[in-house]
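# Structural characterization, general
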Amino acid sequence: LVLISLSNLTAFIGASFLGNFVINEMGGTHKEVSIAWSIATFLELPFFAICIWILKRFGLKKLILFGLVTNALRLLLTAYSNELWSFYAAQSLHGIFYAATLSGFSIYLNQRYKSDQIHHLQLFSSFIYAGFGSSIAGKLGAFIWDYSDLRFTYFSMGILAIFVSTYFLFIKLDEPEPSSSF
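Here S165 shows up in helix α9 (residues 150-169). There is a polar contact of 3.3 Å between the side chain of S165 and the backbone oxygen of L68. S165 has contacts with L65, L68 and V69, leaving out every residue within four places of it along the chain.

Next up, the structure:
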């Protein structure tokens, strides 16, 4: 839960300052901000379907890890984007993070805990990685931005996301064999 929360915190910082990045760093317009959000959210849909294949083929841990690594890549690519096409390409990775990591985490909770506990745990985990994460993300992102620049904000969150992904590699998940999940 802590790792998912940290990863989600980095993703929320990326999402919270997306419009500022387009306008302040790239000299873009509000229309281009809307295009970036449309790309990021629309591509969540096919990635959910792809995640089912990844889950069946490679298992739950690799599904979650795929999302974590993709989040780090998205943040780092955003930090170095100088053209709208590269910025849009980076935002296309947003859907992979949400589809793979957050749905994978929900699947893990459902497999790991008893059915009478799962509702409370799902609510608590949503509070921690979504509500708490997003409120901290806004403050932390603004703090980093005030003392550096917006590109460094994305870069530093990308580095944190790499550490989260690396640490996750060493965690053992109790999970069924990949093909028995569905």
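Right, let's talk about the packing of helix α5 (residues 60-79) against helix α7 (residues 94-112) for a bit. For any two helices packed against each other, the geometry comes down to the angle between their axes and how far apart the axes lie. Viewed as axis vectors pointing N to C, α5 and α7 meet at an angle of 150 degrees, and their least axial separation amounts to 8 Å. Compared by their axis directions, α5 and α7 come out roughly antiparallel. Judged by the sense of rotation from one axis to the other, the crossing of α5 with α7 is left-handed. In contact with L60, L63, I64, F66, G67, L68, T70, N71 and R74 of α5, α7 contributes H94, I96, F97, A100, T101, G104, F105, I107, Y108 and Q111. A breakdown of the residues in the contact of α5 with α7 according to their chemical character gives 11 nonpolar, 7 polar and 1 charged.

Attention now moves to the environment of S115. When you line up the elements, S115 lands in helix α8 (residues 115-147). Classification of S115 as exposed rests on a relative accessible area of 59%. Spatially, the C-alpha atoms of S115 and F97 are 26 Å apart, while their sequence positions differ by 18 residues.

Moving on: the packing of aromatic side chains. Applying the stated criterion across every chain, the model contains 9 aromatic pairs. An angle of 10 degrees between the planes, with centres 5.5 Å apart, marks the rings of F21 and F87 as stacked. Here F21 is found in helix α2 (residues 18-25), whereas its partner F87 is found in helix α6 (residues 84-91), with 66 residues between them in sequence. A relative accessible area of 0% means that F21 is categorised as buried. Residue classification places F87 among the buried positions, given a relative accessible area of 0%. For the pair W53 and F58, a centre-to-centre distance of 5.7 Å together with 80 degrees between the ring planes defines the contact as edge-to-face.

With that settled, the discussion passes to the pattern of salt bridges. For the structure on display, the rule yields 1 salt bridge. Residues R151 and E25 are paired through a salt bridge, measuring 3.3 Å at the closest nitrogen-oxygen approach. Residue R151 is found in helix α9, and its partner E25 is found in helix α2; the two are separated by 126 residues along the sequence. Exposure remark for R151: the relative accessible area of 19% places this residue in the buried category.

Each value, and the rule that gives it
Along each chain, the written sequence defines residue order, and numbers are assigned to residues from 1. In keeping with the model being predicted, local features are shown solely for residues with a pLDDT of at least 70 and side-chain atom pairs are shown and tallied solely at 80 or more, while totals for entire chains, interfaces and linings include all residues. Excluded from the side-chain calculation are hydrogens and water; included are all heavy atoms of the structure. A run of H or I in DSSP becomes a helix once it reaches four residues, and a run of E becomes a strand once it reaches two; helices and strands are each numbered from the N terminus. Any pair of N or O atoms that falls within 3.5 Å is considered a polar contact. Within protein, one atom must be able to donate a hydrogen and the other to accept it, and sequence-neighbouring residues count only if both atoms are side-chain atoms. When checking whether two residues touch, look at their non-hydrogen atoms; a contact exists if any pair is within 4.5 Å. Every angle, taken between N-to-C directions, lies between 0 and 180 degrees, and every axis is a line fitted to C-alpha atoms, over only the stretch in contact when it is a helix. The scheme is simple: roughly parallel for angles under 35 degrees, roughly antiparallel for over 145, roughly perpendicular for 65 to 115, oblique for anything else. Note on convention: near helix rotated counterclockwise from far helix by under a right angle means a left-handed crossing. Clockwise means right-handed. Basically, the charged four are Asp, Glu, Lys and Arg, the nonpolar ten are Ala, Val, Leu, Ile, Met, Phe, Trp, Tyr, Cys and Pro, and anything else, Gly included, counts as polar. When accessible area is computed with a 1.4 Å probe and restricted to protein chains, residues below 20% of their type maximum are described as buried, those above 50% as exposed, and intermediate ones as partly exposed. Aromatic rings from Phe, Tyr and Trp, with only the six-membered ring used for Trp, were paired whenever their centres fell within 6.5 Å, and each pair was classed as stacked if the ring planes differed by under 30 degrees, edge-to-face if by over 60, and tilted otherwise. Just to be clear on terms, a salt bridge is a Lys or Arg side-chain nitrogen sitting within 4 Å of an Asp or Glu carboxyl oxygen.

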